[in-house]
Amino acid sequence: MKEMTTAKRLVLFFALAFPLSWYPWIIALIKGTTSGPNPLGPLVAALIVTALTEGRTGIKDFLKRLVRWRVDIRWYAVVFLLPLFCCLVAAGIALAKGAQLKPAAEYSNLWSELPPKFVFILLFIGLGEEPGWRGYAIEKLQKLYSPLKSSLILAPIWALWHLPLMGSEFPAPIIPAFLLSVVGATIVLTLVYNGANRSILLPMLLHATVNTVASGFMFQLFRPQDVTSVWYIYAVIWFATSMTAAYLLKSRTTTVAALQTAR
């Protein structure tokens, strides 16, 4: 299996990531109940395919990238401040357009819940998804395509992976906004992954921050009848942000290509 091409390795990864994630949902459907995916599926798939095709050397590199924290401090600023900025802008626009907050008593405890939410999301969702989608899929896709094209290939696959959550965690009216935000987030995460020297930890932190600040806080502030409109505003802001990320990805690729040509 060490002779497998990069394309075949990617196919094997996706072929494992989906069933390893969707099995709780499939079992629930058979029983007539509902369930979400197992977020650890992409991580397990990445470890299996890496072990089979790259052996001990590949696993060692993968684990090093998983805990790589010594990166340029500006990427930590992006990871923690960008999600907050997007939420503040979305909330401000929503309020200006007439959306209303719940009574203060209904969300007064949200602040104290943020730290444990962040840790849980980081160690379960972030650790489960990002080593697979960024640490393996984007890593391999960029051996075949440009960073931007790799992101656009991965985005619909990552969106499809969330299918078990459609109609439950993401009600039907919100689904288009969620899908748009996934495209934007995929491009931004690729930029962070590349900029942070292939660190898997930084995308994990960004994923955890996004989920904590948005789903765990901002959306909880608004009345149920206003959440859908807030979602669309938020998704458009993320997509607009991704346009800047796409430009940076393209410019960084051009710079690297120019340097390689000069050599």
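Above this text is the structure in question.
An account of the accompanying structure is given in this report. (Residues numbered from 1 in each chain as written. Predicted model: local features only at pLDDT ≥ 70, side-chain atom pairs only at ≥ 80, totals over all residues. Heavy atoms only, no water.)

Here we look at the packing of aromatic side chains
Item 1. One pass over the full model with this rule turns up 15 aromatic pairs.
Item 2. Residues Phe219 and Trp231 carry aromatic rings whose centres are separated by 4.7 Å and whose planes lie at 15° to one another, so their mutual orientation is stacked. Of this pair, Phe219 sits in helix 7 (residues 201-221) while Trp231 sits in helix 8 (residues 224-262), placing them twelve residues apart in sequence.
Item 3. Their ring planes at 80° and their centres at 5.9 Å tell us that Trp231 and Tyr234 sit as a pair that is edge-to-face. Of this pair, Trp231 and Tyr234 both sit in helix 8, three residues apart, which is roughly one turn of that helix.
Item 4. Judged by relative accessible area, which is 8%, Trp231 ranks as buried.
Item 5. By way of ring pairs, the aromatic residues Phe13, Phe14, Trp133, Tyr136 and Trp161 are connected into one cluster.
Item 6. The cationic tip of Arg134 hangs over the ring face of Trp158; the distance from NZ or CZ to the ring centre is 4.3 Å. (Phe/Tyr/Trp six-rings, centres within 6.5 Å; stacked < 30°, edge-to-face > 60°. Helix = DSSP H or I, 4+ residues; strand = E, 2+ residues; numbered from the N terminus. Buried < 20%, exposed > 50% of the residue type's maximum accessible area, 1.4 Å probe, protein only. Lys NZ or Arg CZ within 6 Å of the ring centre and 35° of its normal.)

Overview of the layout of surface pockets
Item 1. Estimates place the volume of the largest pocket at around 620 Å³.
Item 2. In this structure, the largest pocket is lined by 29 residues; those nearest its centre are Phe170, Phe178, His207, Asn211 and Ser215.
Item 3. Sorting the residues of the lining of the largest pocket by element identifies helix 4 (110-141), helix 5 (147-161), helix 6 (175-195), helix 7 and helix 8 as the ones contributing at least two each.
Item 4. Per-element accounting of the lining of the largest pocket gives the leading share, eight residues, to helix 7.
Item 5. Taken together, the residues of the lining of the largest pocket sort by class into 18 nonpolar, eight polar and three charged. (1 Å grid on protein atoms, 1.4 Å probe; cavity = no way out; pocket = protein on both sides within 12 Å on 5 of 7 lines; lining within 4 Å. Points joined across faces, edges and corners; volume = space filled by probe spheres on them. Nonpolar A, V, L, I, M, F, W, Y, C, P; charged D, E, K, R; others polar.)

A look at helix 4
Item 1. Its 32 residues place the ends of helix 4 only 39 Å apart at the C-alpha level, less than the 46 Å of an ideal helix rising 1.5 Å per residue.
Item 2. Approximately 45° is the largest bend angle found in helix 4, and it occurs at Gly126. (Expected span 1.5 Å × (residues − 1). Bend = angle between axes of the 7 residues up to and from the residue.)

Focus: the nonpolar core
Item 1. Residues Phe13, Trp133, Met218, Phe219, Phe222, Trp231 and Tyr234 are the most contacted members of the largest nonpolar core, which totals 79 residues.
Item 2. At the level of elements, helix 1 (6-31), helix 2 (41-66), helix 3 (73-96), helix 4, helix 5, helix 6, helix 7 and helix 8 are the ones that each hand at least two residues to this core.
Item 3. Take this core: its biggest share by element is 13 residues, from helix 7.
Item 4. Setting aside anything within four residues of it in sequence, one finds Phe219 in contact with Ala214, Val227, Val230, Trp231 and Tyr234. (Core = buried A, V, L, I, M, F, W, Y, C linked by side-chain atoms within 4.5 Å. Contact = heavy atoms within 4.5 Å.)

Notes on the environment of Ala177
Item 1. Along the chain, Ala177 falls in helix 6.
Item 2. The exposure class of Ala177 is buried, given its relative accessible area of 1%.
Item 3. Distance from Ala177 to Val230, taken between C-alpha atoms, is 9.6 Å for residues 53 residues apart in sequence.
Item 4. In contact with Ala177, other than residues within four places in its own chain, are Trp231, Tyr232 and Ala235.

As for the side chain of Thr241
Item 1. By the secondary structure assignment, Thr241 is in helix 8.
Item 2. A distance of 2.8 Å separates a polar side-chain atom of Thr241 from the backbone oxygen of Ile237.
Item 3. The residues touching Thr241, leaving out its near neighbours within four places in the chain, are Leu82, Cys86 and Val188. (Polar contact = N/O pair within 3.5 Å; in protein donor to acceptor, adjacent residues only side chain to side chain.)

Let's talk about helix 2
Each α-helix winds once per 3.6 residues, and so residues spaced three or four apart point in a common direction.
Item 1. Here helix 2 spans only 16 Å end to end across 26 residues, well under the 38 Å set by a 1.5 Å rise per residue.
Item 2. The largest bend in helix 2 is about 135°, located at Glu54.

Re the pattern of salt bridges
Item 1. Counted according to the given criterion, the structure contains ten salt bridges.
Item 2. Residues Arg65 and Asp61 are paired through a salt bridge, measuring 3.0 Å at the closest nitrogen-oxygen approach. Placement of both Arg65 and Asp61 in helix 2 is noted, with a separation of four residues, approximately one turn of the helix.
Item 3. Lys117 is the salt-bridge partner of Glu113, the closest N and O atoms lying 3.6 Å from each other. Taken together, the residues span about one helical turn, with Glu113 and Lys117 both in helix 4 at a distance of four residues.
Item 4. Taking the relative accessible area as the measure of exposure, Glu113 reaches 34% and is therefore partly exposed.
Item 5. Taking the relative accessible area as the measure of exposure, Lys117 reaches 26% and is therefore partly exposed.
Item 6. In the salt-bridge network here, residues are joined through shared partners; they are Asp61, Arg65, Glu139 and Arg198. (Salt bridge = Lys/Arg side-chain N within 4 Å of Asp/Glu carboxyl O.)

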